[in-house]
Amino acid sequence: MSKDNWRQDDEEPPEPALGPMGYGILFGTTALYATYVGIPIAFGGPQNMRFLTGPSAFIPVGVYLAIAVVLAVRPRTSRWGAGLLIGLGIFTLLGGGVCVGSLAAQMRGDF
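Below is a summary of the structure that appears in this document.

## Notes on the packing of helix H2 (residues 59-73) against helix H3 (residues 78-108)
Working step 1: Between H2 and H3, whose axes approach to 6 Å, the crossing angle comes to 150°. You can see that H2 and H3 cross each other, and the crossing is left-handed. Contacts between H2 and H3 involve Val61, Tyr64, Leu65, Ala68, Val69, Leu71 and Ala72 on the former and, on the latter, Ser78, Gly81, Ala82, Leu84, Leu85, Gly87 and Leu88.
Working step 2: In terms of residue class, the contact of H2 with H3 is made up of 11 nonpolar, 3 polar and no charged.

Encoded structure:
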């Protein structure tokens, strides 16, 4: 195609800055941290959070994972689902780092 025959209609519009995957990552990570950090703070600290202890602590992550997998499998929502799954990975990595750092500070007596 020569430059004379080129039209702007042939060009696809650029993707949005974040897109569905970026929004899935932001929403997913924020929702998980709100569940595991925000709710305990709102209820007066970890001492008052009996329903997020023991095996029941995995129920919100299980529901989140089920929703993310269903969205990732469907073609129309696959980018949202992929973003949610990446958000779960970010939540796990950052949460593990915070937990290890907190335990290390307690072992040294800095806490």
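## A short note on the nonpolar core
Working step 1: The biggest cluster of nonpolar side chains holds 6 residues, and these are Leu32, Tyr64, Ala68, Leu84, Leu88 and Phe91.
Working step 2: Contributions of two or more residues to this core are made by H2 and H3.
Working step 3: A total of 3 residues in this core trace back to one element, the largest contributor, which is H3.
Working step 4: In this structure Leu84 touches Gly24, Ile25, Phe27, Gly28, Tyr64, Ala68 and Leu71, once residues within four positions along its chain are discounted.

## A short note on the side chain of Thr29
Working step 1: One can find Thr29 in helix H1 (residues 19-42).
Working step 2: What Thr29 contacts, discounting residues up to four positions off in sequence, is Tyr64, Gly87 and Ile90.

## What about a nonpolar patch on the surface?
Working step 1: A surface patch of nonpolar side chains, about 520 Å² in accessible area, is lined by Leu18, Tyr23, Leu26, Phe27 and Trp80.
Working step 2: In terms of residues, the nonpolar patch owes the most to one element, H1, which gives 3 residues.
Working step 3: On the basis of relative accessible area, Leu26 is assigned to the partly exposed category, the value being 47%.

Calculation criteria
Residues numbered from 1 in each chain as written. Predicted model: local features only at pLDDT ≥ 70, side-chain atom pairs only at ≥ 80, totals over all residues. Heavy atoms only, no water. Axes fitted to C-alpha atoms, helices over the stretch in contact; angles between N-to-C directions. Helix = DSSP H or I, 4+ residues; strand = E, 2+ residues; numbered from the N terminus. Left-handed = near helix turned anticlockwise from the far one by under 90°. Contact = heavy atoms within 4.5 Å. Nonpolar A, V, L, I, M, F, W, Y, C, P; charged D, E, K, R; others polar. Core = buried A, V, L, I, M, F, W, Y, C linked by side-chain atoms within 4.5 Å. Buried < 20%, exposed > 50% of the residue type's maximum accessible area, 1.4 Å probe, protein only. Patch = residues over 30% accessible without salt bridge, like charges linked within 9 Å, V, L, I, M, F, W, Y side chains within 5 Å. Areas by Shrake-Rupley, 256 points an atom, 1.4 Å probe, with all protein chains shown as cover. Salt bridge = Lys/Arg side-chain N within 4 Å of Asp/Glu carboxyl O.

In short, shape yes, function no, at least from these values alone.
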